[in-house]
Amino acid sequence: MAEIEPIADKVTSHFYSLLFLRHPDLRALFPAAMDTQRDRLFKALLTAATHADDPATLATYLSHLGRGHRKYGTLPEHYPAVGECLIGALSHYAPRSWGPRAESAWVAAYTTISQIMIDAAAEDALRAPASWRAEVVAHDMRTPDIAVVTVRPDQPYPFLAGQYAALETPWWPRIWRHYSFAGAPRSDGLLSFHVKAVPAGWVSNALVHRARPGHVIQLGPPAGSMTVDHSTDNGLLCLGGGTGIAPIKALVEDVAQHGRHRSVQVFYGARRGHDLYDIETMLRMQQSHPWLSVRPVVDDGPGGGLGARLPEAVYEYGPWHTYDAYLSGPPGMIRRGVDTLVDIGIPAHRIRHDSIEELVGARN
């Protein structure tokens, strides 16, 4: 790994060159533009291999990947081709450390990785489709670049409040992006997502600026572990930054549906006051539920990025030792938030957030 990591970009390019040259039929499984996917698959393989000595964490991570890869059309026979090209790329770019022992270790690691993913996909196929078609039934522009998109899946879609799903639009086939559900499960089966259009964001811009009622998108399976533990009476301390307020809103609805009056303290952060696009909804929920408190936190400083003040705002309140913490928002906010919450005495195992792609995040 020490030999590979400084030149990971070259290794990744060589890996895909081998894959598409030797197995051209696999090119159709990938998006036309490989900007994000190009790094994602290779990084996932390397990450999994370096954690081969942690079977429990590895199985959780890879089972999720295996289930998720069903929506791409991945089949068991595709895995040997990927493994062959992975070995080819590594052996080409790690000549100093490569040899029979290294090759044997990588073959063993990849065999384990692929088998966990294949088994997870096969088990998932017995109970759920690879993806769901979902019709857009409402499209509400909250700001010039944020929309609340509501869809109706073509068949029952079971999920838990706090989870997320991958979405694909008809305008950019095979390009998927993750969005959190903006509510707890509803009796009418509708699902809502809060989407912010970001520069060069193909899926986000399509959902915000092109999608309208009647359009059909694809949903991947639900994923994520940022869910409420209903076996405890602990309060919920929730930090939501920007569109990260969506899963926080879902958690509040989930607590309300379970009918237990647990304290829920929400800190809702944004760069500027007008970016608190869902504050009215949250304040109405606060009026309906006496156990809920909603505090807006605005950065408003020169050059302050989202989250510069949000985690620190919790210092002014508390104590929090009887609370479970939930964080959702930009990565920087989550990193600062975790540090802050540990600082004020909340054990790491009671701090929940989703790091969708990195095994390190899943472990932490």
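Refer to the structure printed above.
Residues numbered from 1 in each chain as written. Predicted model: local features only at pLDDT ≥ 70, side-chain atom pairs only at ≥ 80, totals over all residues. Heavy atoms only, no water.

Draft legend 1. Spatial organisation of the sheet that holds strand E6 (residues 216–219). The antiparallel open sheet is built from six strands, whose spatial order is E4-E3-E6-E1-E2-E5. With one partner strand each, in any of the chains shown, strand E4 (176–180) and strand E5 (191–196) form the two edges of the open sheet. Across the sheet, the axes of successive neighbouring strands diverge by a mean angle of 40°, strand direction being ignored. Sheet topology places strand E1 (residues 132–143) next to E6; four bridges connect them, and they run antiparallel. Paired with Glu135 across the bridge in E6 is Val216. Each of E1, strand E2 (146–153), strand E3 (164–168), E4, E5 and E6 is contacted by helix H6 (residues 202–209), which is oriented at about 115° to E5, the strand it contacts most. (Pairing = 2+ DSSP bridges. Helix = DSSP H or I, 4+ residues; strand = E, 2+ residues; numbered from the N terminus. Axes fitted to C-alpha atoms, helices over the stretch in contact; angles between N-to-C directions. Contact = heavy atoms within 4.5 Å.)

Draft legend 2. Spatial organisation of the pattern of salt bridges. Per the counting criterion, the structure on display carries 12 salt bridges. Note that Asp278 and Arg142 form a salt bridge whose closest N and O atoms lie 2.6 Å from each other. Here Asp278, found in the loop between strand E8 (264–270) and helix H8 (279–288), pairs with Arg142, found in strand E1; they are 136 residues apart in sequence, far enough to count as distant. Exposure remark for Asp278: the relative accessible area of 1% places this residue in the buried category. Lys249 serves as the salt-bridge partner of Glu253, at 3.0 Å between the closest nitrogen and oxygen. Highlighted residues: Glu253 and Lys249, both in helix H7 (residues 245–258), separated by four residues, approximately one helical turn. A relative accessible area of 14% means that Lys249 is categorised as buried. When salt bridges with common partners are traced through the structure, they connect Arg70, Glu123, Asp124 and Arg127 into a single cluster. (Salt bridge = Lys/Arg side-chain N within 4 Å of Asp/Glu carboxyl O. Buried < 20%, exposed > 50% of the residue type's maximum accessible area, 1.4 Å probe, protein only.)

Draft legend 3. Geometry of the pairing of strand E9 (residues 292–298). Of all seven residues that make up E9, five are buried, and the element is covered over most of its length. For E8 and E9, the ladder comprises seven bridges, and the chain directions are parallel. Bridging across to E9, Gly269 finds its partner in Val297. In this fold, E8 hands off to H8, which returns the chain to E9; that crossover is right-handed. (Right-handed = clockwise from strand over helix to strand, strands pointing away.)

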